[in-house]
Amino acid sequence: MPLILAAVSTVLIVIGYFLAPPGVSLELAQVNRSLCIVTAWILGGAGMVSIRGKLDVRRQEWLQRAEVGLAKRMSGEQTVEALSQNIVSFLCEYMGAASGAIFVNRDGTFQRTATFGVPADAPVPSQVAPGDGLLGEVARDGKVMMLKDVPDNYLYVGSSLGRAVPRHIALSAANADDVINGVMEFGFLNQPKPRKEALLSRVGPTIGVALRSAQYRLTLRRLLEETQQQAAELRAQGEELRAANDELETQSRALQESQARLELQQSELEQSNAQLEAQAQELEAQRDDLARSQLLLQQQARDLEQGSRYKSEFLSNMSHELRTPLNSLLILSQLLADNKAGNLTEEQVKFARTITSSGNDLLVLINDILDISKIEAGQVELQIQPVRVTDIAAKLEGTFRPLAEQKGLSFRITAAPDLPEEIASDPQRLEQVIKNFLSNAIKFTAHGEVTLDLAPRGEAEIAFTVRDTGIGIPAEQQQAIFEPFRQADGTISRKYGGTDLGLSISRELSTLLGGHIAVSSKEGKGSSFTLTIPVSLSEDEVRPLTGAAPERRSPSVSSRHASATLSAPAASAPESRPSIIKDDRSTLTAGSRLMLAVEDDPKFAEILYDLAHEAGFQCVVAGTADEGVIMARQYLPQAIILDIGLPDHTGLFVLDRLKHDLRTRHIPVHVVSAGDYVRKARALGAAGYSLKPVKREELVEVLEGLESNMLEPVRRVLVVEDDATQLESVQLLLGSRNVSTVGAKSASECLEKLRSEEFDCMVLDLTLPDASGLDVLDQLAGDTSIAFPPVIVYTGRELSPDDELRLRKYAKSIIIKGARSPERLLDEVTLFLHQVVSKLPNRQQEMLAKSLNRDEALLNRKILIVEDDVRNVYALSSIFETHGAEVTIARNGLEGVQTLEQAGPQGFDLVLMDVMMPEMDGLTATREIRNRLGMDHLPIIMLTAKAMPQDQEQCLAAGADDYLPKPLDVEKLLSLVRVWMSR
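Every chain is numbered independently, its residues counted from 1 as its sequence is written. Only residues with pLDDT of at least 70 are given local features in this predicted model, and only at 80 or more are side-chain atom pairs given and counted; all residues enter the totals for whole chains, interfaces and linings. The side-chain numbers reported here are obtained from all heavy atoms of the structure, hydrogens and water having been left aside.

In the annotation of an unreviewed UniProt entry, the chain is listed under the name histidine kinase and assigned to Gellertiella hungarica.

Here is the structure:
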């Protein structure tokens, strides 16, 4: 500015020189004007120098304030990030920069540690390598670099209202001792003054030192922490070493003491070494003796095993040889005792019954011998399961009360109030022992009473005590009675008979059951036998009896009574036992309605039990087919729910036996099963059929239907017959106090009555005036609005193959039975109406008995009997020929296979196959029939007299459909044949 003023003054002076008025000396004017110009420039120069000095002072003050402010912001122990943020914030604020960023040197790479005014999403690199771009050049050279008019997208400046791009950039380095510790970048919206460049150059070393110090502090802090951690570890190790040192000192002292003892022992060992050498020689000799003894024992074990095998084979063969003639004896004597032909006198029938009774006694002897042999051979396996004590008591009472009353004895069963509700044991073996006690008590008691007392013994045991007022047992005989074939009176003049095996078997079974038997008796006063067993016996606690019998105690005798105790360790009760299905057999009340459920599934049986109670029935449950038949005959329930898939036989076998028994054929049976045997079950007389899974509502309807049948004693039968005389005859035949018959003489009248009325059964003649009986069946099958009952075709003419084919079409929708005689017609009608035979008129009862004896199911059926024993052949032939079957005989398995091969697949309806036969046994023959001949659908029932374990499994595995042991139960055999033949 001063120089400008001097220049203006000079110009004005020069202009004034030329514009001066005349009269002034030119030389004086020039001198004067020159001096003025010189003075003006001198004054301008002096002013210029003065102004520059003041500006320089202000610049230095500005730089010093920046250094002081920056030093304050960098003071204190700060982290690298906090220090970087303070540096860039201060410099941006002080220089007026719009944005800034600082990068710190970490292991040769400069990483961004702080920014100012830069948006978070701005494209600013997180790290920069030396030489990477302009900032990398500054990081490598350490020079300040100023950039002008930078392009877009270089470094953003932003706030909440927007963002912009700085037009000027300043780049500088922070170095210390020629080491660049960081680089900085600042963005300016306007061109920065030179002093800002000087500021960046001036504070660079200060910032470099500060950054280096911060990094040193970070390193020192990390090292300090590591040192402290190592010091703590060293202290812990020192403590461990100190403890180890103490332990080593203790061990050292112990080793010194041990060494002293070892030295003493060494001397003792040296003294005894000689003795050991002598003993070693003796042991060597004993070892040789032991080796010879072991060889001898092994030979004896082989001999014992061979003897046991010979014994098993002998028992098997003996059982077969005894049961084979016994089978024919029992069958033929039973046929004579039944006297179906009515040609025997009462005395002859009595003789036949005596033969049957003697044969059964012989069978008991055979079974006792097999039982004791199996026990001694260790072949008895227990089936442990929950058992209700009251069920056992009820079964025993039902068996022995009639026997006691028949002999004039009083019979009582008492149970303690704290008796456990159920126990875990083998019910079959348990009942076998108690039955033996009761049988002996009744056998040896002439007058007085026999009692069975049930009481707990502590918390883990239960006692079954049988007392009698019989002959008693002498003290010297109380141990002998438990030996096989021994009796208290063993003389040839003894009063009481028997095999004398029962108590021996009972003793061994009590040991298997984890318990013991105690006997207390006084001669002439009576005896008491007590079986004590665990309340709960698990499979692991069962004591196997292998080889020889276990060691037995000798009896101990008291002053008044002699007492012999045969003990085994009492099994401890397990914590839990599986639950069983409870039924009402122990709480049955007179006059109550009773339902029998024959079902092996415990869960479904429990559902049936609950539903029966809801419907007002008491309920008893059977788990097998044989048990179901027995309980039906014993309890005579008002209704039966039956399963088909039972473990021993099919449910159809149960249904057949019930419907062929005059005592049980009236009981309505509803089948609930997973198998589809609807047609067969209904034909056998089932009241209804439900397929599993079945809904609860359907079961409720079933029980309600059974209940309604009980409340409707009068049954209605529709008789369709065009002949008036024949119609009247049929109505008279079927009518009774509980059966009402309605006649229809034409097909149209029949259909009209079926539409308007309900009937329980329909008897249909095939020859009608307006339409054939087959046409009536066609309309019944096609019209779903007509509710039709089971149909019995009653006609005198032979059916043609076409007629039979048309009848088969309705087999799944209509129950059709043929009847060619009045007896057969009455049989089928009473079966479907569930009539009680004993309540029928005498004439109808006689006709029913005649029909059942004839057995239409076996009439003209072809049965092949494969049996080598002529006595059994005669007995079996007598059974089936009596019922109208055609019997063919094969003497062995090979002959049976050849007979079937010649006859073809349709040659026979059923095969009865013996197991033990010459040339080819029954198992091999059955496999040949199934595999080589391919006759998979031909029913085969195996008959065997071996009665050894796994017989049934072997027969079924060979391909047999069912299995019966000899001696054969005739009724059971006939029922199985009817069931399998119908399939």
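Caption draft 1: Looking closely at the overall build of the chain. The helix and strand labels rest on DSSP assignments: H or I over at least four residues marks a helix, E over at least two residues marks a strand, and numbering proceeds from the N terminus. Counting secondary structure elements, the chain contains 25 helices and 32 strands. Burial status follows relative accessibility: with a 1.4 Å probe on protein chains alone, a residue under 20% of its type maximum counts as buried, one over 50% as exposed, and anything between as partly exposed. Burial status across the chain gives 44% buried among its 983 residues. For the chain, contacts bridging at least 24 residues in sequence account for 69% of all contacts bridging at least 6. Note on areas: Shrake-Rupley, 1.4 Å probe, and residue coverage restricted to the protein chains presented here. For the chain, the accessible surface area stands at approximately 51000 Å², while carbon and sulfur atoms represent 52% of it. In what follows, residue pairs with any heavy atoms lying within 4.5 Å of each other are defined as contacts.

Caption draft 2: Structural view of the sheet that holds strand β20 (residues 639-642). Any two strands are treated as partners once DSSP identifies two or more bridges connecting them. Read from one edge to the other, the open sheet built from 5 strands follows the order β19-β18-β20-β21-β22, with strand pairing classed as parallel. The strands lining the two open edges of the sheet, one partner per strand, are β19 (618-622) and β22 (688-691). Averaged over all pairs of adjacent strands, the angle between strand axes in this sheet comes to 20 degrees, irrespective of strand direction. In the sheet, β20 pairs with strand β21 (residues 669-673) via 3 bridges, with the strands oriented parallel. Each bridged residue has a counterpart across the sheet, and for Ile641 the counterpart in β21 is His670. Seen against the sheet, helix α10 (residues 602-614) touches β18 (594-598), β19, β20 and β21 and runs at an angle of roughly 160 degrees to β19. Working convention: axes come from line fits to C-alpha atoms, limited for helices to the stretch in contact. Angles between N-to-C directions cover 0 to 180 degrees. Running over the sheet, helix α11 (residues 625-635) touches β18, β19 and β20 and is turned about 150 degrees from β19.

Caption draft 3: Structural detail: helix α8 (residues 427-443). Expected span of a helix, by definition, is 1.5 Å for each gap between consecutive residues, and there is one gap fewer than residues. The terminal C-alpha atoms of α8, which comprises 17 residues, lie 24 Å apart, in line with the 24 Å expected from a rise of 1.5 Å per residue. Those residues of α8 that fall on the buried side of the exposure criterion are Pro427, Arg429, Leu430, Glu431, Val433, Ile434, Asn436, Phe437, Leu438, Ala441 and Ile442. Pairs of N or O atoms are called polar contacts if they sit within 3.5 Å, as long as, within protein, a hydrogen donor faces a hydrogen acceptor (for residues adjacent in sequence, only side-chain-to-side-chain pairs). A distance of 3.1 Å separates the backbone nitrogen of Gln428 from a side-chain oxygen at the start of α8, and that oxygen is part of Asp426.

Caption draft 4: Quick look at the packing of α8 against helix α9 (residues 502-512). Taken N-terminus to C-terminus, the directions of α8 and α9 make an angle of 145 degrees; their axes are 9 Å apart at the nearest point. Here α8 and α9 pass one another in a crossing that is left-handed. Taking contact as the criterion, the partners of Arg429, Gln432, Val433, Asn436, Phe437 and Asn440 in α8 are, on α9, Gly502, Leu503, Ile505, Ser506 and Leu509. Grouping the amino acids of the contact of α8 with α9 by side-chain chemistry returns 5 nonpolar, 5 polar and 1 charged. In this scheme, a crossing is called left-handed if the near helix is turned counterclockwise away from the far one by less than a right angle; it is called right-handed if the turn is clockwise. When residues are sorted by character, Ala, Val, Leu, Ile, Met, Phe, Trp, Tyr, Cys and Pro go into the nonpolar class, Asp, Glu, Lys and Arg into the charged class, and all the rest, Gly among them, into the polar class.

Caption draft 5: Expanded view of a nonpolar patch on the surface. A grouping of Met1, Ile4, Leu5, Val8, Val11, Leu12, Val14, Ile15, Phe18 and Leu19 is seen on the molecular surface, where their side chains present a nonpolar patch of about 1000 Å² in accessible area. Its location among the elements puts Leu12 in helix α1 (residues 2-18). On the basis of relative accessibility, which here comes to 55%, the residue Leu12 falls in the exposed class. Exposure above 30% relative accessible area and the lack of any salt bridge qualify a residue for a patch; like charges then connect within 9 Å, and the nonpolar side chains Val, Leu, Ile, Met, Phe, Trp and Tyr within 5 Å. A side-chain nitrogen of Lys or Arg and a carboxyl oxygen of Asp or Glu constitute a salt bridge if their distance falls within 4 Å.

Caption draft 6: Seen up close, the pairing of strand β25 (residues 761-764). Alternating positions in β25 separate into two faces, Cys761 and Val763 on one and Met762 and Leu764 on the other, with burial throughout. Here strand β23 (residues 715-720) pairs with β25 via 4 bridges, running parallel. By the bridge assignment, Leu718 is partnered in β25 with Met762. When β25 meets strand β26 (residues 791-794), the two strands line up parallel, connected through 3 bridges. The partner of Met762 across the bridge, within β26, is Val791.

Caption draft 7: Expanded view of the pattern of salt bridges. Following the criterion strictly, the structure yields 23 salt bridges and no others. Three or more residues joined by partner-sharing salt bridges are found here, namely Arg388, Asp391 and Asp583.

Caption draft 8: Highlighting the pairing of strand β15 (residues 526-534). For β15, the tally of buried residues reaches 9 of 9 residues, placing the bulk of the element in the interior. Side chains Gly526, Ser528, Thr530, Thr532 and Pro534 of β15 all project onto a buried face; the interleaved residues Ser527, Phe529, Leu531 and Ile533 project onto the opposite face, where all are buried too. Note that strand β13 (residues 461-468) and β15 share 7 bridges and pair antiparallel. Bridge assignment links Phe464 to a residue of β15, and that residue is Leu531. Sheet analysis places strand β14 (residues 516-522) next to β15, joined by 7 bridges and oriented antiparallel. Note on β15: the bridge partner recorded for His516 is Thr532. Between β14 and β15, which pair antiparallel and follow one another directly, the connecting turn spans 3 residues, one of which, Gly524, has a positive phi of 85 degrees.

Caption draft 9: How the structure looks around a negative patch on the surface. Together, Glu697, Glu698, Glu701 and Glu704 give the surface a local cluster of negative charge. Relative to the elements of secondary structure, Glu698 occurs in helix α14 (residues 696-711). Counted charges follow a simple rule, with Lys and Arg positive, Asp and Glu negative, and His plus the chain ends left uncounted. Charged groups are reduced to one reference atom each: NZ for lysine, CZ for arginine, CG for aspartic acid, CD for glutamic acid.

Caption draft 10: Seen up close, the packing of aromatic side chains. Centres within 6.5 Å make a pair out of two Phe, Tyr or Trp rings, where for Trp the six-membered ring is used; the pair is then stacked when the planes are under 30 degrees apart, edge-to-face when over 60, and tilted otherwise. Scanning the entire structure with this criterion turns up 3 aromatic pairs. Residues Phe90 and Tyr94 carry aromatic rings whose centres are separated by 5.5 Å and whose planes lie at 15 degrees to one another, so their mutual orientation is stacked. Separated by 4 residues within a single helix, Phe90 and Tyr94 lie in helix α3 (residues 80-95), roughly one turn from each other. Overall, the relative accessible area of 10% leaves Phe90 in the buried class. Ring pairing ties together the aromatic residues Trp62, Phe90 and Tyr94, which thus form one cluster.

Caption draft 11: The arrangement of unusual backbone geometry in detail. The backbone of Leu636 shows a phi angle near 45 degrees, a positive value even though the residue is not glycine. Take Leu636: it is sitting in the loop between α11 and β20. With phi around 70 degrees, Glu919 is a residue other than glycine that occupies positive phi space. Along the chain, Glu919 falls in the loop between β30 (910-914) and α23 (922-932).

Caption draft 12: Summary view of the packing of α23 against helix α24 (residues 951-958). The N-to-C vectors of α23 and α24 enclose an angle of 25 degrees; their axes lie 8 Å apart at closest approach. One finds that α23 runs roughly parallel with respect to α24. Here α23 contributes Leu923, Thr926, Arg927 and Arg930 to the contact with α24, which in turn contributes Gln954, Cys955 and Ala958. Partitioning the contact of α23 with α24 into residue classes produces 3 nonpolar, 2 polar and 2 charged. Between 65 and 115 degrees an angle is taken as roughly perpendicular, under 35 as roughly parallel, over 145 as roughly antiparallel, and anywhere else as oblique.

Caption draft 13: The sheet that holds strand β3 (residues 127-128), seen in detail. One open sheet holds the 6 strands; their spatial order is β3-β2-β1-β8-β7-β4, and the pairing between them is antiparallel. Each edge of the sheet is formed by a strand with only one pairing partner; in this case those strands are β3 and β4 (145-148). Pairing of strand β1 (residues 99-106) with strand β8 (residues 179-188), which is carried by 6 bridges, proceeds in the antiparallel orientation. Paired with Ser99 across the bridge in β8 is Gly187. Relative to strand β2 (residues 109-116), α3 is tilted by about 55 degrees, and along the sheet it contacts β1, β2 and β8. Where helix α4 (residues 133-141) meets the sheet, its contacts fall on β1, β2, β3, β4, β7 (168-176) and β8, and the angle it forms with β8 comes to roughly 145 degrees.

Caption draft 14: The nonpolar core, seen in detail. Membership of the largest hydrophobic core comes to 47 residues, with the highest contact counts inside it found for Ile640, Leu642, Ile863, Phe880, Leu912, Leu973 and Val977. A per-element tally of this core places helix α25 (residues 970-982) first, with 8 residues. Segmentation of the chain into domains, including their bounds, is taken from an automatic or database domain assignment. Summarising the domain contributions, this core has at least three residues from each of domain 4 (594-709) and domain 6 (862-982). Phe880 has contacts with Leu858, Ile863, Ile865, Ala885, Val887, Leu912, Leu973, Leu974 and Val977, leaving out every residue within four places of it along the chain. To form a nonpolar core, buried Ala, Val, Leu, Ile, Met, Phe, Trp, Tyr and Cys residues must be joined to one another through side-chain atoms within 4.5 Å.

Caption draft 15: Inspection of the side chain of Ser89 at higher detail. Tracing the chain through its elements places Ser89 in helix α3. Taking the relative accessible area as the measure of exposure, Ser89 reaches 10% and is therefore buried. Leave out the neighbours within four places in its chain, and Ser89 touches Arg73 and Phe116.

Caption draft 16: Inspection of α24 at higher detail. Residues of α24 that are buried include every one of Asp951, Cys955 and Ala958, and no others. With its buried residues spanning 65 degrees around the axis, α24 presents them on a single face. Those residues of α24 that are exposed and angled more than 90 degrees off the buried face are Glu953 and Ala957. Gly959 sits one or two positions beyond α24 and adopts a positive phi of about 120 degrees. Comment: arc refers to directions from the helix axis out to C-beta atoms.

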